[in-house]
Every structure is written in C-alpha cells, then in structure tokens.
Amino acid sequence: MTDMYNKSKGYHETPEEIEYELRAKVGSVWSGGRLFIGMYTFLLASLAFAYFYLRTANNGLLWRPHNVTAPTAFGWSIFALEALTAVLAIYGQWRLRKGVVLDWQVAVWTGVLTSLVALFLQIWETTTLPFFPGSSGYASTFIGWIVINIASLVVGAYWLETTVARSMRMRKELGGDSPELSSAATARLFRANVASMTYFWGFTALSGALFLALFYIL
Amino acid sequence: MTISAERPTEVAASSVTPPVQSGRVGWTQRPGWMSQHLGTAIVLGIVGYLFGHWLGHEITGDYAYIQNSGQNSSANFFALLFGVVGWLLGIGALNYPVAKLFGREPNQEPTVEGWSKYFRYTLDHKVVGLQYVVGVLLFMFTGGLLAMAIRAELLNPTTHLFGPGTYIEIVSEHGTIMMMMATSIIVGPLGNYFVPLMIGSRKMAFPRIEAFSFWIFVAGYAVIFSALPYGGFPTGWTGYAPLQTQAGPGMISYLFGFAVIGMGMMAAGFNIAVTIINNRAPGMTWSRVPIFVWSILATAALLTLATPTLFAAGLFGILDKTAQTAFYVSEHGGSSYLWENLFWFFGHPEVYIMALPGFGIVAEILPVFTRKPLFAYKVAASGMIGVALLSFFVWQHHLFQSGINPDMRPLFMLTTELISIPTGFIFLVGMGTLYRAKIRFEIPMLFAMALFFNFLIGGVTGVFLSDVPVNVTVHGGFFVLSHFHYTIMGGLLFAFMAGLYYWLPKMTGRMMNKKLGLWHFWTMFIFFNLTFFPMFIIGLLGQPRRVFTYAKNLQGLNDFSSISAFLLGLSFLLFFANLMYSMYIKPVKAPANPWDSLGLEWQTASPIPEYNFERIPVVMTDPYHYSEVGAPPVADMGTGAPPVVSTTSGSSPA
Amino acid sequence: MSTENSMKKETHHLRRMATIWVILSVAADLLFMFWVAPHVPPGTMTDTARANQFDFNVLFLMAFPVLIGVWVYMGYAIVNWSAKRAGVPEPVGGPAARGNLKAQVSWIVVTSIVVLFLAGFGTVALINGNGSGGGEGPNPVWMPAGSAKAETAALTSSASWTPGSNQVLVVQVIGQQWKFTYRYPQFGGFESPQLILPNNTEIAFNVTSLDVIHSFWAYQLSVKADANPQQNNVAYTKTAQLGNFTVRCSELCGIWHGSMYNYGKVVSQSNFQNWATTTEAANAANTKNLPPFAWTYVPDANGAAGGYYIDGNVTPYSQVETYGAKQPAS
C-alpha cells in the first residue's frame, strides 16, 4: 500500500476533492481577511490605549501644552481620501457583483490613486508639524499614529492594486457573460479576496475617523 | 452531498486542471546556485545591513547629539530593517508579493528533491515543520549556553567571571532568546507539521505565510544577537522603559527583534488558526478535533491577537530611540507605565502561548500510552479556550508593586486565581485518563508524566505569586524566576520533548534510541528539579533576579543549583547525541505506527507523501476510542476496502 | 467484568488513595506548622511582615494537600496501573472512561471554592494590612490612621516627629543608579545613605527615583515598592522589633543592579530621635543645597534623561519648575 503513495507524484484529485479544497480556500480567504482586521484592531487599540493613558496621566502637565494640534487641513484631507477610497472599493464591489467589471476596475484604480495621494499627504504632513516629536505626549502619540497610518495606507493600496492587477489578467473568468466561467475557481477565490479587501478599507476609513477625532478635533 | 457517500472513480491527473496554474517555475525552486536559498538570504541580509547602516548615518549623522554621543540608534534601526528586507528578498519571500503587483498568479512550484529543500522558501508544511525543529533547537542551544554562563557567574557571591556589563548582557540575551524560542517551540515545529495531518488536510491555508513565519523567525535570531557588538542591552527580556530609553544602540536590536519575531508569531498564528477553521476534513467536526489541535487553535488565537500589542509597544520604543518621541519618557509627557502595561498586556497571554501547546501534547499523548479514551474531552477543550480568554485580563499582576492604581489589585488577584480553574482542567483530564489504565512507560509518556509533576509545582507557586501580600516578598526575586522556569521549562520544554520523541518516527521514519532516551529523560527530570527547586528557597531568602552579587549565606544553595544546571546542560547534550545517533549514525527504521496510535496523522502512509493523503479522509470519530469494543474506525482513508462500519458523518463537506 | 464488580473496585482504589492522601497531608501540614512556619520569610520584624508571613503559611498549608493529592494519585497510578506486558490490552476503564459527570463537577466545584477562598482571603489580608507593604502609588487607598496628615505636613517646613507621640514617620526613599538614599522630611529634610527607623512606629515610605525604575525591597520589613521616576509610590509598615534589615533593588536598573543594596536598622524611638537630630544638625549645610523636599524630582540636564533634545533644550514646554518641582495633584 505504501509503495503506491511513493510512486504517485502530484495530485490525483477527484472533482469532489478539488471542489472541497476550493471551498476551504475560499473560506480561508474569507476568514483570513476578518482575522487580519482583528489583528489590526489590536494594533490600533494599542495606539488608542497609549493616547488615553498619556492623556489621563498628563505627566508634568506635558500631555498637550498650549493645545498644539497637527495641521488640521492635512488631517481632514487624508481622512477624506481614505473615506473616498473606501467608498470606491465598496462601489466597485457592488458593480463587480452586477458583472460590470470595467466599472470595478476604474473604481479600484481610482482608489489606488486616492490612497497613494493620502499616503503622500501623510508623509508630507510629517515635515510640516509645528511641534517636536518628543515635546509632549500628544506629539509622541501623533508620530505613532503617522507611522501606523502609513502602514495601513501601504497595506491598503497594495491590496487594491494587486486585486485590480489580477482582475486585468483574468478578464475571461470575470466576464460574467457565461456563468460557468465566472464560477471558475480563480473567479471565486478572487471574489472572496475582493470582499475581504473591501472590508479592510471600510475598517481603515472607520479607524481613520476615530483617530481624526482624537488627534485633530478633540 | 458527501464525499463519503459514494466515492467517484479516480479521474486521471491530466484531465483535471488544478485550480491555479501558470507553468512558470519560481526562483526559489530553480536548481543549482543561481536560485534563492539560505546562502543568498545571508548575502543579501548582510548587504542590506551594511546599506541600511550607511543610509541611517547619511540621514541622521549630522545631528549634534549623535555626533557628540558617538551612538546612532537610527543607523542601527535602518541597518536591521534593510538587513531583514534583504534576508527576505534573498530567501525568496518577496517573489510572489512582488509578482502579485503585476497581477501574476502564484507559481506552480515543482518539488525540489533532496536535502536542499530544507534551505529554501518551501511551501510544504512538513518541510517547514522540520526547518522549525532545527530552528528552535538552535535558539534553545544558544539560550542554554547563556544560561550556563549565568550559573557559572553565580557560583560565587561576588563578581568573579564577567564584568557587570557583560553579565547583564548575558542575562538579557538569555531571557530574550528563550522567550522568543518558547513562543514558537511547539506551534512552529509540531503545530506546522501535524495540524494539517491531524485535521485531514493536504496543506496549510496560506503556505507562503507559513514559510514567511519560519524565515522571519530565523531573521529574529540574527537580529537579537546583532546587539552584541554594541554592548548588548541592559534591560533583561522585559525591556522596562526608562532603562530602555537610556540604553545604547543595542536596545534597537531588542525592540526590532521582538517586532520581527512578533511578525513571525502573528503570521504563524494567523495561518494555523485559518487552517484549523477552514481545512478540516469532512466529518472532522469540532467535537472530533484532536485535543492537540484545540490547544494550537487557542494558542494561535492568542498569537494573532496579543502580539500586535507587542508590535505597537516595540514600534513606540523604536520611535523613542530614533525619532525622539517621548512615549516612555515621563519628563516629556510620556509614561514608563505605558510600556509596562503594553508589554504585559502582550506578555501575559504570551505565558499561555507557551503553556497551552504543552497541555495539548500531553493530553494527546496520554490516551495513546494509557490505552484509554481521553477523559473529559470537552472539559479539556473548554479549559483551553477559557485560559486563552482569561489570559487577556490578568496582566496587571506583574505590576502589583509598581505603584499602579492599588484599587485594581483585588480584581487582578481574583482573575489571576480564577485562571487556575481552567488550568486545573488539564490535571483533571490527565488524572481521569490515568485512572485504571494500562500505562506503557515509553519515553514520550515519561516526559508527559513529568509535565504533571513540574507544572503542578509551577502552578501552585503561581497562586502564591498572585496573592498580593505574598507577592510583596516574592515579586522580582528568585522565587518568581523559579516559578516561570517550572512552568515554561518544566511544562513546555518537557512537552516539546514528549512531542519530539512521540512524533519523530513519523517525521523522519526513524526511531529514537530508547536507552539513550531513558538516560536523557532521567537526567533532564532530576537535574531540572535540582536546579530550579533550590531557587524557590533562594528567592524566599531574599535574592532578587538578575543580580551578580548575593548574600554570602546563599552561596551553598546557589552552587548546588549551578552544578545541577551544568549537569542539566549535559543532559541536553545527551539529547543531541541521541538525535544524531538515532537519525544519522545508526538509524533504525520506524514502524508505520510504533505507538499503536489512532491519530489521523498515523493513518497516512510513511513516509508521508507531499500531499499528505492519497484521498481526503472522511473522519468518523475522534481519535481516542482506545479499548472501546465496536468503535468505528477513525476515518475512511478512501484507499482500501470500504470502512467496517457503514455510518458516515452525515455532515456536508462545506 | 460486571458493573457491580467494577464499581466495587473503583471505590476501593479511591478509598485507598484518599487514606494515603489524608495521612500524608496531615503529616506534612503538621510538620510544616511546627517546624517551618515560624521561620517562613519575611519574618516578624514588622506587623506587615508578620501578616504576610501568616498569609504565606496559609498558602503553604493549603498547597501541601494539593501537591500531595496529585502526587499520590500519580504515584498510585504508576505503581498499580502500568502495563506488565506489550500488546493491545483488555478494555479498561469501565463505562465512564470518557468522562464522569460526578468527578468533573466535583473537581470544578472544589477548585473554584479553593480559588475563590484564596482570592477573598488575599483581598482581606491586603486591605487589613494597609496594602501589605506593597507600593500603592501616589494615591494610596488603604492607609494607616494619621498617615495622610503626616504626609501633608511633610511638605511644609513645620513637619516634626517626636518619640511616643504615635505619629507616622515619613521617610522618602530615593533610588538612583545605583544606590538608595533616604530623606526625613520631619527632620528638616536631610538626606542620609542610612535607613534608620524607630521601633513600634508606623512608617510611610515614599519611594521615587531620579533615573530609571528601581524597586525598594526592604526584605525583613516586607516592604516592596517600585521607584519610578516622576512618581511617588507609597508603602506602609509598622516596625515591631529591633534589628538590622537588608534593602535590595529588585527591579533591573542597569549594569550595577546586582550591587545596589544596603542595610538598615530598627532602633528604639529615643535612639532614633538622637540619631535624627544629630544628623540633621551635622548635615544642615548640605541640606540647604538639596532641592526642597518634594515627592518627586525632575533631573536637570545632567540627569538620566537630560540633554534629550537635539537642540539641547531639555523641557521645551514645561510649565513647572524643572528641579525640585512638586508633582501636580492628580
């Protein structure tokens, strides 16, 4: 019996097995996307914890002397671009579900652009801060937020770009005209990935709103 | 529709198109020296390190405080960052992420034959598992040598062997390297290797993330030792803040090293959690999942959710030391308590990251060697989940004397003591399984029984520590040191040894030598206890941790402990000798199922084919019905005659 | 094997184990109580130490039966239930092998009771012991009578302490790399490298640090409080015996952490009064140069975090004095 295993190279899968493993794969992409958001929540929660901890402690009255604030125009622009990207991702997914692949591609390419502009603004803002990084607790946590937000934007832009680039290579599967093509394995995996990506952008926009409130408004 | 209901006839390989195929051969898998492997990773890692160091100096070298101090933490940070990126580039971890930007499909990776696959970015979870075995043993061996150095210094109550700076460097490296190793010691090698086999899956959900987790783990080893040319770091593994801010550039290696290892931990936990949720074979319902898989699932949940906090804490520390923020500097609006809170919010779940897989292995092994079903399976599984949940709510017990809000103390005393209830379940399970058993004292069983002995002492002393009035005396002393060595080394490491002796025959096809194994077990068990038990007394008599001088009247106990520690070190050499002897010098072919285990991982062929199972098995029961007459087979492997019992799981494959 | 038989055998096993367990546990506890318990650290030098020693002993007395229970069970299993021969054994374990509701429920109930009892006991001991000698931070919750008054007075120049007056003695412990020094605000705020305490007196240790985190551990007094920069950490105890005690740093504070220790002394109240007034007078010239007594001290540019900024500016936005500043009330 063992000999048979050793001789067989590669897969001899039954259609059922292929279908079973595909479902597992789709499920993995789905639950992996959610778990990733869960991890990201803990990362952001750590920053929020630092914010509230230092704010409450106010050591040496140096939480936020003179009520210094990071450039508000930057903050609002970056958040607006993040929100716009999220809306574009959601809109794109809606059009994709309707089968209008071109709309999806245009929306997501625009999303890539807006997220990169947001990234650029976020980096630019760093050079225009009216305070020194170590001048106060607020300044420190704000630098922390800049780094984490840059990471979110890079991850988000990468995710947008890779999905749309993939979609251009698999026009045939995403054609939507013939049902058996759009139910191909690659197409199903692709849609699961898009769903996770859209969730991530919604999450990024929400967390962006939270930290906008913390750092620029309050 | 179930697969089991009626197996369709096999379809020829050529007529079935695999879901993903592009026909391009990945760089990682090309033959010869032109491909990507460990060698290219080392070369590019060094190049990246040097480039980053140069870049860091270019960017920050003009600041007066850097020129005046002669220390440039930013240059060290850039060096390590680019070093790790170069390492990943060299090993081939970035091939697919870059190709993805151009919309490419993953490469169809052909198998590299022979030993060279162990030095590559490999997508086979079994190869990654074996890579991890070597990796954690490397960590363990290095950390163990450092421990020998610590005990050598403590032979004498005054400083005699190392200068105080060197001694602190050794203590810090020992603690950090061991903690990093211990987070992965079971999840990495045995989790990666056996979880897919135990749940009847042909592969991991995200094999690239899995391979990434291993190679970044190795990078973390290099990063943490990159502190040595800079005088190490003086903070111990806890890295408390003002000292961290005060320390030299070696501190960057600690902060960045934990961030790097943290990425590995998150990646490993993420992949394993998703795999367990999605890739279970048909019929592998939650009440049939092997208990080891439950423990790994609980661990993976902690790894994914707790580690981001460590990552954030490390990021803030790096910003403090490079961008001059003041997260942990009280004088400038930060707080040293912020580090303590963030660190322990990760740090306490981490303790259970280290404990839970050990429980899992022991609970998995006991039924095999007692020939009895696992006692109270559901209690065991819920205990693991309970420990994982509660572990997020106990972190302040590390801060009882720190001057933090005292009114929280009763609450954290309560949660800490509550966590001993689900932890105690493992004893209930063990004792129930042993009841009127037919115990076979093979080496894995001996190690499993030793865990109960050691962990009991570790657990009971943990209750002492959680009691605030007693904590006043034992906090920060040798008592707590001995306590966590009893839980981590006496628990986790003994379980790891049990797992290795138990599963190595399946992993390598070779049996470990029993005689040498017996010697190894008894020396390790005896000298472990002789090393660490006196430390409880040393701690009660007032010796703080991480000191190189101590009261003269404690020399006898310290010397006793040191000499036992050296013998314990010899016991590990005995293990390596056994490993070499049984694997290479005089290999003995292992039977397909040497322990007569019912586990699914033993049902597949030996050696395990690359795709694990010829047919996806259909699971019918949990793997614990030892000595139960008329129990159905564990699974329909789909290769031979139809299963004896015609009942099928009835669950749909989805 | 019939069920009846197996039930009989079961009780037989359990009864034997229980008998061994009870005998060994009682013996261990008795031996411990009379031989070891009086010598258990941290001793009886203060009432905190005595209370914490009692706590220790309660835990030990409860721990032995737990340890012995598991060990007896394991030992019994090893002796009686090991396989004598190879091969697949007979069906073992009886019908309840996969679980036994009674065993499971009673295990959970018993461990829960033990654990909840210990948590309750620890809480009572913590509150009755005024924080049990542990650092309670700048705003203590559990404190002895009169300590709040004494500490408020300590910041004024009129603070004083006289023998036999039942006053709380305020001692400030200052940790720095790598030594402890002590200030006595009720004696003009002089600073001493020696820790001398009067007997039968309630002591309020105010622990702070000038650089990194240290931990003030007066072993025989059963006092432990982390010394944090920029923060006051208060711990209470009441001395009860004359004698010497050890002070060690128990939080890693840099390379010389290992040699950061000194010794203190509990003396009679009148001897303490003599020592304190003599030292106050002898140190008067030095004390004038010290920063005024405060709960925390911000180091100057030469301190641990000094020279922190690129432009050499130490505290660019500070609204408080940089040296000797009082921590704002929080």
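Scroll up to find the structure.
Residues numbered from 1 in each chain as written. Chains lettered and ligands numbered in written order. Predicted model: local features only at pLDDT ≥ 70, side-chain atom pairs only at ≥ 80, totals over all residues. Heavy atoms only, no water.

Visitor: Give me the overall build of chain B: which residues, what numbers.
Guide: Broken down by element type, chain B carries 21 helices and two strands. Computed over C-alpha atoms, the radius of gyration of chain B comes to 25 Å, within 12% of the 26 Å expected from 2.2 N^0.38 for 654 residues, which places it in the range of a compact globule. With respect to the principal axes defined by its C-alpha atoms, chain B has extents near 75 × 60 × 50 Å. Looking at chain B as a whole, 69% of its 654 residues qualify as buried. Restricting the contact set of chain B to residue pairs at least 6 apart, pairs at least 24 apart contribute 81%. Counting only carbon and sulfur atoms, one obtains 69% of the accessible surface of chain B, whose full area is about 20100 Å². (Helix = DSSP H or I, 4+ residues; strand = E, 2+ residues; numbered from the N terminus. Rg over C-alpha atoms; globule rule 2.2 N^0.38 Å. Buried < 20%, exposed > 50% of the residue type's maximum accessible area, 1.4 Å probe, protein only. Contact = heavy atoms within 4.5 Å. Areas by Shrake-Rupley, 256 points an atom, 1.4 Å probe, with all protein chains shown as cover.)

Visitor: Now, about the packing of aromatic side chains: what can you tell me, with residues and values included?
Guide: Summed over the entire model, instances satisfying the criterion amount to 110 aromatic pairs over all chains. With centroids separated by 5.9 Å and ring planes inclined at 40 degrees, the aromatic side chains of Phe120(A) and Trp124(A) adopt a geometry described as tilted. Of this pair, Phe120(A) and Trp124(A) both sit in helix α4 (residues 101–127), four residues apart, roughly one helical turn. According to the relative accessible area criterion, Phe120(A) is exposed, its value standing at 53%. Among the residues examined, Trp124(A) registers a relative accessible area of 45% and is labelled partly exposed. Cation over ring: Arg34(A) sits above Trp30(A), and NZ or CZ is 3.9 Å from the ring centre. The cationic tip of Lys224(C) hangs over the ring face of Trp217(C); the distance from NZ or CZ to the ring centre is 3.9 Å. (Phe/Tyr/Trp six-rings, centres within 6.5 Å; stacked < 30°, edge-to-face > 60°. Lys NZ or Arg CZ within 6 Å of the ring centre and 35° of its normal.)

Visitor: Lay out the sheet that holds strand β4 (residues 195–198) of chain C with the relevant residues and their values.
Guide: Residues and elements named next belong to chain C. Spatially, β4-β10-β9-β6-β7 is the arrangement adopted by the five strands of the open sheet, whose pairing is mixed. The open sheet is flanked by β4 and β7 (223–227), the only strands paired with a single partner. Adjacent strand axes in the sheet meet at a mean angle of 20 degrees when their direction is disregarded. Sheet topology places strand β9 (residues 243–249) next to strand β10 (residues 261–267); six bridges connect them, and they run antiparallel. Note that in β10 the partner of Arg248 across the bridge is Tyr261. Against the sheet, helix α5 (residues 269–282) makes contact with β4 and β10, and its axis sits at roughly 140 degrees relative to β4, the strand it touches most. (Pairing = 2+ DSSP bridges. Axes fitted to C-alpha atoms, helices over the stretch in contact; angles between N-to-C directions.)

Visitor: Give me the lowdown on the interface of chain B and chain C, citing residues and values where you can.
Guide: In this complex, chain B contributes 97 residues to the contact, which on the side of chain C involves 97 residues. Between chain B and chain C lies a buried interface of about 8300 Å² when both sides are counted; carbon and sulfur atoms form 69% of it. Three residues, Glu331(B), Tyr435(B) and Arg436(B), lead the burial of chain B against chain C; their summed loss comes to 10% of the area buried on that side. Joining chain B to chain C, the criterion identifies one salt bridge. A salt bridge links Asp622(B) to Arg98(C); its shortest N-O distance comes to 3.0 Å. Here chain B and chain C share 21 residue pairs in polar contact (both at pLDDT 80 or more) between them. The dominant element in the side of chain B that touches chain C, judged by the number of residues it contributes, is helix α15 (residues 420–434) of chain B, at nine residues. (Buried area = accessible area lost by both parts, 1.4 Å probe. Salt bridge = Lys/Arg side-chain N within 4 Å of Asp/Glu carboxyl O. Polar contact = N/O pair within 3.5 Å; in protein donor to acceptor, adjacent residues only side chain to side chain.)

Visitor: Describe the environment of Arg183(C), and please don't skip the residues or the numbers.
Guide: All names here are of chain C. Along the chain, Arg183 turns up in strand β2 (residues 179–184). In this structure Arg183 comes out as buried when scored by relative accessible area, which is 3%. Polar contacts involving the side chain of Arg183 include one to the main-chain carbonyl oxygen of Gly189, which spans 3.0 Å.

Visitor: If you had to explain unusual backbone geometry to someone new, which residues and values would you point to?
Guide: In this chain, Ser606(B) is followed by Pro607(B) through a cis amide linkage whose omega measures -10 degrees. Position of Pro607(B) among the secondary structure elements: in the loop between α21 (600–603) and β1 (618–619). Residue Pro41(C) is joined to Pro42(C) through a cis peptide bond whose omega torsion reads 5 degrees. With respect to the helices and strands, the residue Pro42(C) is situated in the loop between α1 (3–36) and α2 (47–80). A positive phi angle, close to 55 degrees, is found at Asp596(B), a residue other than glycine. Examined against the element boundaries, Asp596(B) turns out to sit in the loop between α20 (555–585) and α21. A positive phi angle, close to 55 degrees, is found at Ser132(C), a residue other than glycine. Inspection of the secondary structure puts Ser132(C) in the loop between α3 (101–128) and α4 (147–154). Classification of Ser132(C) by relative accessible area gives buried; the value is 1%.

Visitor: Report on the nonpolar core, specifying residues and quantitative values.
Guide: The biggest cluster of nonpolar side chains holds 294 residues, and the ones touching the most others in it are Phe142(A), Ile186(B), Ile291(B) and Trp503(B). Sorting elements by how many residues they give to this core places helix α18 (residues 478–508) of chain B first, with 21 residues. Beyond its immediate chain neighbours, meaning those up to four positions away, Phe142(A) contacts Ala70(A), Glu125(A), Leu129(A), Phe131(A), Phe215(A) and Tyr216(A). Counting residues in each nonpolar core, the second largest holds 37 residues, with Leu197(C), Ile203(C), Phe205(C) and Trp275(C) among its members. (Core = buried A, V, L, I, M, F, W, Y, C linked by side-chain atoms within 4.5 Å.)

Visitor: Explain the sheet that holds strand β5 (residues 202–209) of chain C to me, and be specific about the residues and the numbers.
Guide: Residues and elements named next belong to chain C. Spatially, five strands are ordered β3-β2-β1-β5-β8 in an open sheet, and the strand pairing comes out mixed. A single partner strand is all that each edge strand has here, and the edge strands are β3 (190–192) and β8 (233–238). The average angle at which neighbouring strand axes cross in this sheet is 25 degrees, direction not considered. Sheet topology note: the strand β1 (residues 169–176)/β5 ladder contains seven bridges and is parallel. Among the inter-strand pairings, Leu169 is bridged to a residue of β5, identified as Ile203. Here α5 sits on the sheet and contacts β1, β2 and β3; the angle it forms with β3, its principal contact strand, is near 110 degrees.

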